[in-house]
Amino acid sequence: ESNSSVFTHQFSLDSLLGLDSLMAVELSNRLKSESGVNVPTMKIMQGLSISQLAEISLEQFALASIKLSESPSTESSEDMEEITL
C-alpha cells in the first residue's frame, strides 16, 4: 500500500481537502442529489474520512437494496379476491 493511499484513507475530508462549512454543505447536497447518500453536513465537518464516507455510502446502498427487495410487488394485488359488502 502506497503512502498516498494511506494518507487519503486516514485523514478527514476537512483537513485533507481544506473543507469549510459551505463546501461541506455543497458536498452533502451533491452526495444526496447524485447518489441518494445522506451524509449530514455536521458529520462531514466533524472529521469524516474518505473511508468513513465510503462505509456510510455502502451501508445506505445496502439498506436501499433491502427495502426494494422487501417492498410488495404489484403482482400480489392481482392474486387478491375482491369482496363486495
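As the structure is a computational prediction, the values presented were derived from the model and not from experiment. (Residues numbered from 1 in each chain as written. Predicted model: local features only at pLDDT ≥ 70, side-chain atom pairs only at ≥ 80, totals over all residues. Heavy atoms only, no water.)

A. Main features of helix H3 (residues 21–35). The end-to-end C-alpha distance of H3, which contains 15 residues, comes to 21 Å, matching closely the 21 Å that a straight helix rising 1.5 Å per residue would cover. Along H3, the positions that sit buried rather than exposed are Ala24, Ser28 and Leu31. Here the buried residues of H3 occupy an arc of 65 degrees about the axis, which is enough to place them on one side. Structural note: H3 exposes Leu22, Arg30, Ser33 and Glu34 on the side pointing more than 90 degrees away from its buried face. Residue Asp20 occupies the N-cap position of H3, its side-chain oxygen lying 3.2 Å from the main-chain nitrogen of Leu22. Gly36, located one to two residues past H3, shows a positive phi value of around 80 degrees. (Helix = DSSP H or I, 4+ residues; strand = E, 2+ residues; numbered from the N terminus. Expected span 1.5 Å × (residues − 1). Buried < 20%, exposed > 50% of the residue type's maximum accessible area, 1.4 Å probe, protein only. Arc of directions from axis to C-beta. Polar contact = N/O pair within 3.5 Å; in protein donor to acceptor, adjacent residues only side chain to side chain.)

B. Expanded view of the nonpolar core. In terms of nonpolar packing, the biggest core is built from nine residues, these being Leu19, Ala24, Leu31, Val37, Val39, Ile44, Leu48, Leu53 and Ile56. Elements supplying a minimum of two residues to this core: H3 and helix H5 (50–70). Residues within four places of Ile44 in sequence aside, it is in contact with Leu19, Ala24, Leu27, Ser28 and Val39. (Core = buried A, V, L, I, M, F, W, Y, C linked by side-chain atoms within 4.5 Å. Contact = heavy atoms within 4.5 Å.)

C. Representation of H5 in the model. Between its terminal C-alpha atoms H5 stretches 30 Å, which fits the 30 Å expected from 21 residues at 1.5 Å a residue. Among the residues of H5, those classed as buried are Leu53, Ile56 and Ser57. Viewed along the axis of H5, the buried residues span an arc of 100 degrees, placing them on a single side of the element. When the buried face of H5 is taken as reference, the exposed residues oriented beyond 90 degrees from it are Leu58, Ser69 and Glu70.

D. Up close: the confidence of the model for the protein chain. Looking at the protein chain, pLDDT values average 77 and 62% of them are 70 or higher. Ranking the elements of the protein chain by mean pLDDT puts helix H1 (residues 3–10) last, at 52, and H3 first, at 91. (pLDDT = per-residue confidence, 0-100.)

E. Region of interest: the environment of Ser35. Tracing the backbone through its elements, the reader meets Ser35 in helix H3. The exposure class assigned to Ser35 is partly exposed, which follows from its relative accessible area of 34%. Here the alpha-carbon distance between Ser35 and Ser57, two residues 22 residues apart in the chain, equals 8.8 Å. Once residues lying within four places of it in the same chain are set aside, the contact partners of Ser35 are Arg30 and Phe61.

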